[in-house]
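Survey of secondary and tertiary structure
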Amino acid sequence: MHTQAKFSGMRVLVVDSKLIDLFPHYEIEREMFEKEGIELDVQNITSQEEYIRLARDADALMLIGLKTPREVIEKLEKCKVIVRYGVGYDVVDVQACTDMGIALCNVPDAGSYEVGSHAFALAMDCLRKVTFYDRQIRKGVWHAGSGYTLKRMYDYTFGYIGFGNIGRVAAGLARPLGVKILVYDPYVSDEVLEEAGAVRATFEEVLSGSDVINMHLPLNPNTYHMISVEQFKLMKKGAIIINTSRGGLIDQEALMDAIDEGIVAAAGLDVNEHEPLTDLNDRLLTYDTVILTPHTATESNVYAPTLQEKAAKTALQVLRGELPVNTINRKELIERNKNV
Ligand code: NAD
């Protein structure tokens, strides 16, 4: 009763039409919010004007892929929290949230196991040429040994750029193969690397020393196109690239040039610089050695309900006046509140 009164009249707005494809319903969130007397409003927003009009007096926003720039954030009159359903929050202007005193939260751990498994599956596919041969057979080519050369599994070195929740799951699945594991992540401790049986390396050492390069870090202005022409030049001939993080981490034109030049043998990509990839004339689709999935690395029967529950719990925590650990701008907001 006590909290009901506190929350009464509040409105949480789910702004994102993409979520409507992802989740069959919003009953999980609705039940959690209604218990507290909070209204849940689900909208399929298609323009910035509509976004501002509907979000202006919302107490919380929840989204997955809807671009949320400063122009929108500065118009929010009551918003205390923006929750990004998932890990990556590159669609939201973080600095604008901080300037407005809004907590930006993600849901860091709902699908790590799924994405790590997916990255591993893409690597396995490339390392045994599964989809590649399937494509050859469908073209009438029944020929062992076509395409790039394979090694025994335990002779490969797996390099990880970014070694958080997902990178560690992916490496944990690769480790029993007997592969060598190199990691570039300046923010992880020696203990984490030791536990994972991994060797710390520089960015350049991962690029030049790995057969399989796995991208498991966030996209931000510092990491945009961190793999481009110069980085491909450092790689082993025949390297394999796996990206389940964000398309923008890799300069995709440079990747295709590197495949043409024989530097990169194959790539497994769940993410793309331009999503959705629906243009059948896209150059990427001409490569039999590029394995694509439609940003579905989190897929499993438990992912959506887990994500929904954790996202709603996060919004409620902030509306209650807490700053959960999964608040991206937590430090900045604490600092800001000291100075207000
Ligand atoms: P995480 O925060 O647990 O780990 C990210 C790691 O990257 C951290 O250990 C961090 O120290 C490291 N890092 C940050 N900047 C770096 C840099 N410049 N160089 C090297 N390392 C750096 O995140 P996670 O759960 O492992 O997710 C990784 C990424 O995967 C997310 O940012 C997200 O974009 C993406 N993702 C994609 C999907 C999908 O559906 N394909 C789903 C979830 C997450």
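Residues numbered from 1 in each chain as written. Predicted model: local features only at pLDDT ≥ 70, side-chain atom pairs only at ≥ 80, totals over all residues. Heavy atoms only, no water.

Moving on, we come to the site of the ligand. Neighbouring residues of the ligand: 25 residues in total, closest Asn165, Ile166, Asp185, Thr244 and Asp270. Taking Gly164, its main chain carries an N or O atom lying 3.4 Å from an oxygen atom of the ligand. Within the side chain of Asp270, a nitrogen or oxygen atom sits 2.9 Å from a nitrogen atom of the ligand. When isolated, the ligand has an accessible area of 870 Å², and the protein chains bury 84% of it. When its residues are assigned to classes, the shell around the ligand shows 12 nonpolar, 10 polar and 3 charged. (Near = heavy atom within 4 Å. Polar contact = N/O pair within 3.5 Å; in protein donor to acceptor, adjacent residues only side chain to side chain. Areas by Shrake-Rupley, 256 points an atom, 1.4 Å probe, with all protein chains shown as cover. Nonpolar A, V, L, I, M, F, W, Y, C, P; charged D, E, K, R; others polar.)

This part covers the pattern of salt bridges. Opposite charge on two side chains permits them to pair, given that their charged atoms come into close proximity. What the rule picks out here adds up to 20 salt bridges. Between Asp90 and Arg246 there is a salt bridge whose closest N-O contact spans 3.0 Å. Of the two residues, Asp90 sits in the loop between β4 (81-84) and α6 (94-99) while Arg246 sits in the loop between β10 (239-243) and α13 (252-260), which places them 156 residues apart along the sequence. A salt bridge links Lys139 to Asp288; its shortest N-O distance comes to 2.3 Å. One end of the pair, Lys139, is in the loop between α8 (130-138) and β6 (157-161); the other, Asp288, is in the loop between β11 (264-269) and β12 (290-292), with 149 residues separating them in the sequence. Salt bridges here are not isolated pairs; linked through shared partners, they connect Glu253, Asp257, Asp260 and Arg283. (Salt bridge = Lys/Arg side-chain N within 4 Å of Asp/Glu carboxyl O. Helix = DSSP H or I, 4+ residues; strand = E, 2+ residues; numbered from the N terminus.)

Looking now at the pairing of strand β9 (residues 212-215). In regular strands, side chains alternate between the two faces of the sheet. Burial of the side chains of β9 extends over both faces: Val212 and Asn214 are buried on one face and Ile213 and Met215 on the other. As paired elements, β6 and β9 share 4 bridges and run parallel to each other. Across the sheet, Ile161 pairs through a bridge with Met215, a residue of β9. Of the strand pairs in this sheet, β9 and β10 are connected by 4 bridges, and their pairing is parallel. Across the sheet, residue Val212 finds its bridge partner in β10, namely Ile240. For the segment spanning β9, helix α12 (residues 229-234) and β10, crossover handedness is right-handed. (Buried < 20%, exposed > 50% of the residue type's maximum accessible area, 1.4 Å probe, protein only. Pairing = 2+ DSSP bridges. Right-handed = clockwise from strand over helix to strand, strands pointing away.)

The values are spatial; any link to function lies outside them.
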